[in-house]
Structure formats: structure tokens, C-alpha cells
Amino acid sequence: MRTPPRGRSTAQLLADFGHDLPTKPEPERPGKEPYLFHASPRRGQRCPGRGWNPARTPVVQYRMTSDQAAAWWPFIANPPLPPTGAQIGIDELSGGSFYADPLGWVLDDTVPVTNPNVITFGKPGGGKSTNTKNFATLMMDFGYKVFVLGDPKDEYEPLCRAFGVQPFAVGPGMSARINPLDFGPLGDGWDTLDRAEAQRRAGIIFRRWLTLIRGLVGSQFVGEQRVPFGPTDARVVESALAQLTGYVDGHHTLHVTTIPALWQLLANPTDQLVTECRYASTRQFLDETRLLRDALGQLVTGALAGLFDAPTTIAVDWTAPIQSFSLSRLEPLGDEAMGIALTCLSSWGRAMREIKAPGDLRINIRDEMWKQMRLGLEAVKSLDADMRFSRRDGEIQFVVGHKPGDMLTVGESTSAATAIAKELLNLADLKILHGQDSSVARELADLLELGPIAEHLMADWATQRKGRALWCVGKQIYKVQTVLHPAAAAFTYTNQAIDGAR
């Protein structure tokens, strides 16, 4: 039986009159993304020239995060540094150029450093001094001025002369005199200062002088112990200096004083000084300051005699690209005299730089710094203060040493001086590690937490060619080969004394 037709549907009816019902759109099905990687057969692709693996390669699987991977394999190429600053040489891990820009790195959040200080270690002959001078020279093109705060071996004289600067020579019989108690630019226009500004500047000047005197007195010995310098000694010295300069009397012009003048006043104290220091009599003053007075006397008549005990006789051109103080003539006087000279120059140099224009960028090179640090705790504190203020002052403190033992033997292993010396390593986010003997490389790797690969590179790779070094920029490590321009190679050469052995 045939089924009668049911009639037109609604859609057909509307279509007959020229209208279409809206239809429900079909959902779009997402397509498959192309594979980035394609699995390969275990024995390799079956293509001519592709090779064939006869056996399955055993693969050990590790699961770790990216920061853990960097700790296990630290010498995969680190992220490249910005191409700013001095073009030092070649990054041998990436094959690209390596640039050094410590202050620029501090301002760049992509570089893991927070201070611009540099510490470089390396055994003699490995290119440490050459690399230091090359870095300083290249940074001059970017407006930096170099200040060598004591050149024990006169190594920077050729570099100074290359820039038309005559270095100052300090030593017995020389005409150059440097007074570490100079006021510096803080003493300029004293008669025009209001009371608050005069007190602020006086506080800075007297604190610096007190740090210097504390360091010099603390470098002297009583038997096997260093001369103590307590709060009472500090009050006596500060009161005596205020009297010698006329500050205590409210003079409009401060008088320049010297360390011998301080010693003479302590040996012949005025009633004003005795009263101000709260002694009952001059006899009590002389009895209780005998050790302080004798320590200053040893400096004035001993190692310091004729060197830093008279008004300054030199005029430094602070606009010159480099200035240096040659100290090789002090070598016959021993390491103590050299250390005292470095301490006095450090204090004097800080005084000269107290006020400077913004953007006046400087590199302070501190060669053979261990000789100053071995003067004791106060000398270590002085260097520590300079390194802590480098960001504020816009300066790069560039400390040069042979091995970490130079810094860590400033006192007993449990002493405060040794603890501060260890902290100095943390105040330098940039460390340059040249070739070392195996034992020293192990000591450095342990101290800086670098691991066995870095230890091997310092003891092996870095010793195979001059100028090779590991550059630790924060936690990132770079294998760098320094490349010298022929002109730089000429004035950074330091082997003139042994050339005759060829």
C-alpha cells in the first residue's frame, strides 16, 4: 500500500516563496599542528649517506629544571653579554666577541651583577697584568679615567707615557711628597660655607683621617701583637687634629697639617687638648698615650720618614686619561713600607675624589693589594669601604692578586681581618681567573663554588696560552682569550728584564 505524501516541510514551504531558514553552523575542527621534531628509527633513517647504527645506544634519562641543568653542565655556552664596553677578545664557548662593561652591566637587568668591582687572580706570567692594562686602555675610549693607586713594580709607566702622562715617582730622595692628611676638594671655599655644611664636610674629613691613623698605628707591633687602637685613642687623635687644623677654634680657614705635626702635639700636649680629652693632668695624658705616641713615632722616624710626612708637592691633572704613582723605589725598604705607602696613597686618593661631577667615571687599579692588607684589620677595612662605595662613586675598583691566599692570610683563620677579606670576594661580582697550579685552582674553585670543571680549566686550559682566563660574571662563566691590538701589545709588555734570555 502506497504511503500518501506528508506535504512540504517548513523549510521547503519557505523556499518555495523565496526564503531560507537560518542553519546551525558546523563547528570548526582544529587541524593538527605540524611536528617540530620527527621520530627517527632506532637504527637511523634508511636513506643513502645517512649511516646506520648497528646497535641500540644506551641513554640515561635525567629529569631536572633548567637551573639545575646549568649547575650540572656549567660550560654550555652562557647567554651572550651585551656588546658594550671594552672588546676584550673571543668567547671560546660561543665563538663570538667578548665585551666587558662592569658599570654598564650593573645598569642592565639581564646581566646578573650588582656591583662593578673586579678581582683578578693569576700566577705570574699568565697575562694578568697585560689583561688589566688592556681593559683599562680600552675603557678610556668610553670616557673612563684610570687611577693607579700605587704601582709597586712601575709596570704602568709605559702605559702612562703612551698617553703623554709622566707618572709620579715616590721614594727616598725623590722630590715628590704626598701628604695623606690633605683636605682635598672638601676643604675648598671653607670660609664661604655655612655652619651645617662645614660640620658635614668636617665629619667626612676627620673620619677619613681617623681611618688612616688607625690603620697606620695598627700596622705597628708590640712584641708579636699589633698596637691596639681603642676609642680613647680615637678621641685623642681626633681632638689633636681638630686643634692642629684650627677647626676646634672655629677658624674660617683650615690649616694643613701632617702626621709628624700630630706626633709632636701628642708629645707636647696643650692644656686645651688635655682638658678636652678629659685627662686630669699633662702627666696622665703622656702616660696613657705613650703607646699611641710611640707607634706614630716609629712611622715618622722609620718607614714613613721622608715619604708621606710633609705637605704635598705635586699637582695632579685629574682630567688626564691616566695617573700613576710609581713605588718601585720603596722595594728595598720591605713589604711593610710598601704597604704603608699603599695605605697613605689610598687615603689621599679618596680625599682627592670626594667631590666630583656626575658621570666622572674612574677605574682605580690596586696592584699588589695584599701588601696593604697584611698591615692588619684596619687596612682591610679601608679597602672594604672603597669597594662598598663603588656604585655610589661611579668607580670600578680593580684589585690585582696572584692567588686567594694573598688575601686570606691577612691574619689568623678565625680573625676579623680574614673574615672581611673573604667578604671582599663577594663585593666583586666580576672575577677574572687566569691559569693556576692545581692546588691553587682547587682552592679557588672551592672558595668560589665553581666546581671541578672550572678547576680543570684553570689548571690546564688557561695555562696553555697567555691571556686565557675564566671570566665569572655573577654566576655566569665565560672562557675568554684576550686579543691585543699591536699598539696595546707594545705598552703592556712586561718582560723587558728577561728578554736577554732568548
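One can find the structure itself at the top, above this paragraph.
Small disclaimer: the values here were computed from a predicted structure and weren't measured.

**Here's the deal with the packing of helix α8 (residues 259–267) against helix α11 (residues 290–301)**
At a minimum axis distance of 10 Å, the contact between α8 and α11 shows a crossing angle of 145 degrees. The two elements α8 and α11 cross, and the hand of that crossing is left-handed. Residues Ile259, Pro260, Leu262, Trp263, Leu266 and Ala267 of α8 form the contact with α11, whose own contacting residues are Leu292, Arg293, Leu296, Gly297, Val300 and Thr301. Considered class by class, the residues forming the contact of α8 with α11 number 9 nonpolar, 2 polar and 1 charged.

**Some words on the nonpolar core**
Membership of the largest hydrophobic core comes to 62 residues, with the highest contact counts inside it found for Leu266, Phe285, Leu296 and Phe325. Among the secondary structure elements, those contributing two or more residues to this core are β4 (145–151), α6 (195–218), α7 (231–245), α8, α9 (271–276), α10 (282–288), α11 and α12 (335–352). No other element matches α6, which puts 10 residues into this core. Contacts of phenylalanine 285, omitting those with residues within four sequence positions, involve Val236, Leu266, Pro269, Leu273, Val274, Cys277 and Tyr279. Ranked by size, the runner-up nonpolar core spans 38 residues in total, among them Phe98, Tyr156, Ile363 and Leu430.

**Remarks on the pattern of salt bridges**
Going through the model one piece at a time under the given rule, you end up with 16 salt bridges. Among the ionic pairs, glutamate 157 bridges to arginine 161, the shortest N-O distance being 3.5 Å. Taken together, the residues span about one helical turn, with glutamate 157 and arginine 161 both in helix α5 (residues 157–162) at a distance of 4 residues. Accessibility expressed as a relative area gives 44% for arginine 161, which makes it partly exposed. With a closest N to O distance of 2.9 Å, glutamate 197 and arginine 200 form a salt bridge. With glutamate 197 and arginine 200 both in helix α6 and 3 residues apart, this pair spans about one turn of that helix.

**A short note on the packing of aromatic side chains**
The description of an aromatic ring pair uses the distance of the two centres, along with the angle that the planes make with each other. Taken as a whole and assessed by the stated rule, the structure comprises 13 aromatic pairs. Considering the side-chain rings of phenylalanine 206 and tryptophan 209, the 5.4 Å spacing of their centres and the 90 degrees angle between planes classify their relative orientation as edge-to-face. Here phenylalanine 206 pairs with tryptophan 209, and both are found in helix α6, just 3 residues apart, close to one helical turn. Assigned by exposure class, phenylalanine 206 and tryptophan 209 land together as buried. Lying across the ring of tyrosine 156, lysine 133 places its NZ or CZ 5.4 Å from the centre.

**Section: the pairing of strand β8 (residues 322–326)**
The element β8 is extensively covered by neighbouring structure, given that 5 of its 5 residues are classed as buried. On β8, burial covers both faces: Ile322, Ser324 and Ser326 on one face and Gln323 and Phe325 on the other are all buried. The pairing of β4 with β8 spans 4 bridges and is parallel. In the sheet register, valine 146 faces β8, and the bridge partner there is isoleucine 322. Pairing of strand β5 (residues 168–169) with β8, which is carried by 2 bridges, proceeds in the parallel orientation. Paired with alanine 169 across the strands is serine 326, a residue of β8.

**Notes on the side chain of asparagine 131**
Topologically, asparagine 131 is positioned in helix α4 (residues 128–140). Assessed through its relative accessible area of 1%, asparagine 131 is described here as buried. Leave out the neighbours within four places in its chain, and asparagine 131 touches Ile88, Ile432, His434, Trp471 and Thr482.

The rules behind each value
- Residues numbered from 1 in each chain as written.
- Predicted model: local features only at pLDDT ≥ 70, side-chain atom pairs only at ≥ 80, totals over all residues.
- Heavy atoms only, no water.
- Axes fitted to C-alpha atoms, helices over the stretch in contact; angles between N-to-C directions.
- Helix = DSSP H or I, 4+ residues; strand = E, 2+ residues; numbered from the N terminus.
- Left-handed = near helix turned anticlockwise from the far one by under 90°.
- Contact = heavy atoms within 4.5 Å.
- Nonpolar A, V, L, I, M, F, W, Y, C, P; charged D, E, K, R; others polar.
- Core = buried A, V, L, I, M, F, W, Y, C linked by side-chain atoms within 4.5 Å.
- Buried < 20%, exposed > 50% of the residue type's maximum accessible area, 1.4 Å probe, protein only.
- Salt bridge = Lys/Arg side-chain N within 4 Å of Asp/Glu carboxyl O.
- Phe/Tyr/Trp six-rings, centres within 6.5 Å; stacked < 30°, edge-to-face > 60°.
- Lys NZ or Arg CZ within 6 Å of the ring centre and 35° of its normal.
- Pairing = 2+ DSSP bridges.

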